[in-house]
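Okay, here's what each chain looks like letter by letter:
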Number of protein chains: 2
Amino acid sequence: MINKLVDKIKKLNAPIVVGLDPMLAYVPDHVKAKAFAEKGETLEGAAEAIWQFNKAIVDATWDLIPAVKPQIAMYEQFGVPGLMAFHKTVEYCKAKDLVVIGDVKRGDIGSTSEAYAVGHLGKVAVGSRSYYGFDEDFVTVNPYLGSDGVKPFIKVAKEENKGMFILVKTSNPSSGEFQDRLIDGRPLYEWVGEKVAEWGEEHMGSCGYSYVGAVVGATYPEMGKILRKVMPKTYILVPGYGAQGGKAKDLVHYFNEDGLGAIVNSSRGIIAAYKQDAYAKFGPENFADASRQAVIDMQKDIASVL
Amino acid sequence: MINKLVDKIKKLNAPIVVGLDPMLAYVPDHVKAKAFAEKGETLEGAAEAIWQFNKAIVDATWDLIPAVKPQIAMYEQFGVPGLMAFHKTVEYCKAKDLVVIGDVKRGDIGSTSEAYAVGHLGKVAVGSRSYYGFDEDFVTVNPYLGSDGVKPFIKVAKEENKGMFILVKTSNPSSGEFQDRLIDGRPLYEWVGEKVAEWGEEHMGSCGYSYVGAVVGATYPEMGKILRKVMPKTYILVPGYGAQGGKAKDLVHYFNEDGLGAIVNSSRGIIAAYKQDAYAKFGPENFADASRQAVIDMQKDIASVL
């Protein structure tokens, strides 16, 4: 799956991923009205609204992008109906041949991490049969519990030719509270980065990059520069571009000299593009066309600095 | 809710929580056979089996225990049907007046943590209405992202009189890989513990303990002793007793002199008691009676050292 991701990035010249994080506030009124008319102002109605919103955006952008990253929290907030919309979104994107990164940030003690890995990447046994639960291609994983919280994801990923991105340095303002603390003179995120590189050796793709990637926020480019060197064979998923403040010129540090090694996420900046002045001319009715234009602009913006 | 938890612990003289972590391997064959006959060897069949298993254990133990802790990964591995069983389990336990700790270990950047908080503790707005998603009383939270990953949980918990337990020192063998690393001469878990105490001041219960608790594994009693002092008003959720190796004599360090301040989890040791030699006489047919006896024995074991 890392090979497929890299192939698609090269072919489209687009190291970008669209974050499908559908807050109800981003969904245009006419989409909500239709969903609520069908299913009521209920959790089911909300789930229908975000699913229709996602579908329109995927239909308008799939040929330009290698991957999508649905943030499961935005679905989980609507309970079981929300998670049905998450599952439907994953299936739809895979049918469009998109690589799906489930942004789930799971991680627990060994046996529990294995259950998460099975549920999101692998198959669970039920009697004599087995089934995929959510079936993403990659997931994000929290490293706080150490190796035995991470290795079950690697085990299942190997069985399935799938992968993961492990949180190293997150994009949020307070990420430094623990991640930047110095241990023997080096920040915690560097120690985590070293571990990610080590774990990555266990599951390498033929493209030269590992199935075990890292998350490093676009909002901390100087740290990105160092982490790029600490983890040379690691694909870096870079959140924080656009709405969170990360700029294209800063992204160059996250890439290797081969022009590969990083994939940049934008969520709000793409899916709620129609709400920005730059794309207001599209109007809420044409929100998906605004998203397409925002993808084209993002692709150009990043290509201009690489 | 922390007041309710403390009241129930005192009344029952039982600082214990039963971990409802139903691996299919724990479910007796006759329960699985019935569920598969009704719903097939499918995800729905598996979900039915774990729900019936949970229900029987709750029916046999609810009058002895203050709280349950369903581990969501064990449900999530069965996809959407599994999460329906999780929701049903939460609702059933609440109807039995049990305090429900959703062991979800979520945590993300601010806006995303808010979505998790809303989905698990609070109400989500849909048009002019609002709904509970999963509606646990407490959740577990991962601190790796720092304050702005935690504060949204505190905000929602305040609105709902609910709470959380934040991972400080986890029970697994490799928890020390990052958590034990020294920062200015003190391990990371102590710095996290200090932050938990600070966050806790924002949401105190009238019982003298905070709604913001901590997770500290029973497998590291010397660290528990120190963390007890670092976080005097923090309730400590203690996993790792029993099957993971934690002993009752070690638990005394997690409690304050008032005999309160900690609640000890056992999962496998209770729900799969019938598989242990000590309870084999019950037989798989009477698995729930075995669980009841295991709860009684655990209560005595812990009472004997306090």
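Residues numbered from 1 in each chain as written. Chains lettered and ligands numbered in written order. Predicted model: local features only at pLDDT ≥ 70, side-chain atom pairs only at ≥ 80, totals over all residues. Heavy atoms only, no water.

Remarks on the interface of chain B and chain A
We apply this condition: Two residues qualify as a contact provided that any one of their heavy atoms is within 4.5 Å of a heavy atom in the partner residue. A simple way to read buried area is as the amount of 1.4 Å-probe accessible surface that goes missing from two parts once joined, with both sides added. Any carboxyl oxygen of Asp or Glu that lies within 4 Å of a side-chain nitrogen of Lys or Arg is treated as forming a salt bridge with it. Under this definition, polar contacts are N or O atom pairs within 3.5 Å; protein pairs additionally need one hydrogen-donor-capable and one acceptor-capable atom, and for neighbouring residues in sequence, both atoms have to be side-chain atoms. Strands here are runs of E lasting at least two residues and helices are runs of H or I lasting at least four, both read from the DSSP assignment and numbered beginning at the N terminus. Here the term charged refers only to Asp, Glu, Lys and Arg, the term nonpolar to Ala, Val, Leu, Ile, Met, Phe, Trp, Tyr, Cys and Pro, and the term polar to all other amino acids, Gly among them.
Each partner contributes residues to the interface: chain B has 72 residues there, and chain A has 72 residues. In total, chain B and chain A occlude about 5,800 Å² of area from one another, counting both sides; carbon and sulfur atoms represent 62% of this. Its largest share of buried area at the contact with chain A, chain B owes to Glu41(B), Tyr144(B) and Phe178(B), together 15% of the area lost on that side. Run the count over chain B and chain A and you get six salt bridges. Taking the shortest distance from any N to any O, the salt bridge between Arg106(A) and Glu76(B) comes out at 3.0 Å. Where chain B packs against chain A, one counts 31 residue pairs in polar contact (both at pLDDT 80 or more). Examining the composition of the side of chain B that touches chain A, we find that seven residues originate from one element, helix 6 (residues 110-120) of chain B, more than from any other. Considered class by class, the residues forming the side of chain B that touches chain A number 36 nonpolar, 24 polar and twelve charged.

Concerning the sheet that holds strand 2 (residues 67-68) of chain B
All names here are of chain B. Inclusion rule: When DSSP finds two or more bridges between two strands, those strands count as paired.
If you trace the eight strands once around the closed barrel, you get 1-2-3-6-7-10-11-12, paired in parallel fashion. Sheet topology note: the strand 1 (residues 16-18)/strand 2 ladder contains two bridges and is parallel. By the bridge assignment for strand 2, Val17 is matched with Ala67.

Let's talk about the pairing of strand 3 (residues 99-106) of chain B
Residues and elements named next belong to chain B. Condition: Note on classification: 1.4 Å probe, protein chains only; a residue is buried when its accessible area is under 20% of the maximum for its type, exposed when over 50%, partly exposed between these limits.
Among the eight residues of strand 3, eight are classified as buried, and the element is accordingly described as predominantly covered. Residues of strand 3 alternate between two faces, with Val99, Ile101, Asp103 and Lys105 on one and Val100, Gly102, Val104 and Arg106 on the opposite face, all of them buried. Relative to strand 6 (residues 138-141), strand 3 is paired through three bridges, and the arrangement is parallel. Following the sheet pairing, Ile101 is matched in strand 6 by Phe138.

With respect to the relation of the copies chain B and chain A
Look at the two chain copies: a rotation about an axis and a shift along it is all it takes to match them. Our working definition: A least-squares fit on C-alpha atoms brings the copies together, and the residues used are those whose pLDDT is at least 70 in both copies.
Under the fitted operation, chain B is carried onto chain A by 0.0 Å of movement along the axis and a turn of 180°, and the coordinates agree to an RMSD of 0.0 Å. One copy is carried onto the other by what is essentially a two-fold rotation axis. Scanning chain B for the C-alpha nearest the rotation axis identifies Ile183(B), at a separation of 2.7 Å. In this assembly, 100% of the residues forming the interface of chain B have copies in chain A that are likewise at the interface, indicating an isologous arrangement.

Observations regarding the packing of aromatic side chains
Residues and elements named next belong to chain A. Note the following rule: Here is the rule: rings of Phe, Tyr and Trp (six-membered ring for Trp) pair when centre to centre is within 6.5 Å. Planes less than 30 degrees apart are stacked, more than 60 are edge-to-face, and the remainder are tilted. Here, a charge over a ring means that NZ of Lys or CZ of Arg falls within 6 Å of the ring centre while also lying within 35 degrees of the ring normal.
This structure, assessed with the given rule, holds 14 aromatic pairs over all chains. Between the aromatic rings of Trp51 and Tyr92, the centroid separation amounts to 5.5 Å while the plane-to-plane angle is 85°, which identifies the pairing as edge-to-face. Residue Trp51 is found in helix 3 (residues 43-61), and its partner Tyr92 is found in helix 5 (residues 79-95); the two are separated by 41 residues along the sequence. Trp51 sits in the buried class, given a relative accessible area of 10%. Within the aromatic cluster, the residues linked to one another by ring pairs are Phe53, Tyr274 and Phe287. Lying over the aromatic face of Trp191, Arg186 brings its terminal NZ or CZ to 4.9 Å of the ring centre.

Here's the deal with the pattern of salt bridges
A full pass over the atoms with the stated rule returns 49 salt bridges over all chains. The residue Lys4(B) makes a salt bridge to Asp97(B) at a minimum N-O spacing of 2.8 Å. In this pair, Lys4(B) is assigned in helix 1 (residues 2-12) and Asp97(B) in the loop between helix 5 (79-95) and strand 3, connecting sequence segments 93 residues apart. Residue Lys4(B) is classed as partly exposed on the basis of its relative accessible area, which comes to 26%. Salt bridges sharing common partners tie together Lys69(A), Asp103(A), Lys105(A) and Asp108(B).

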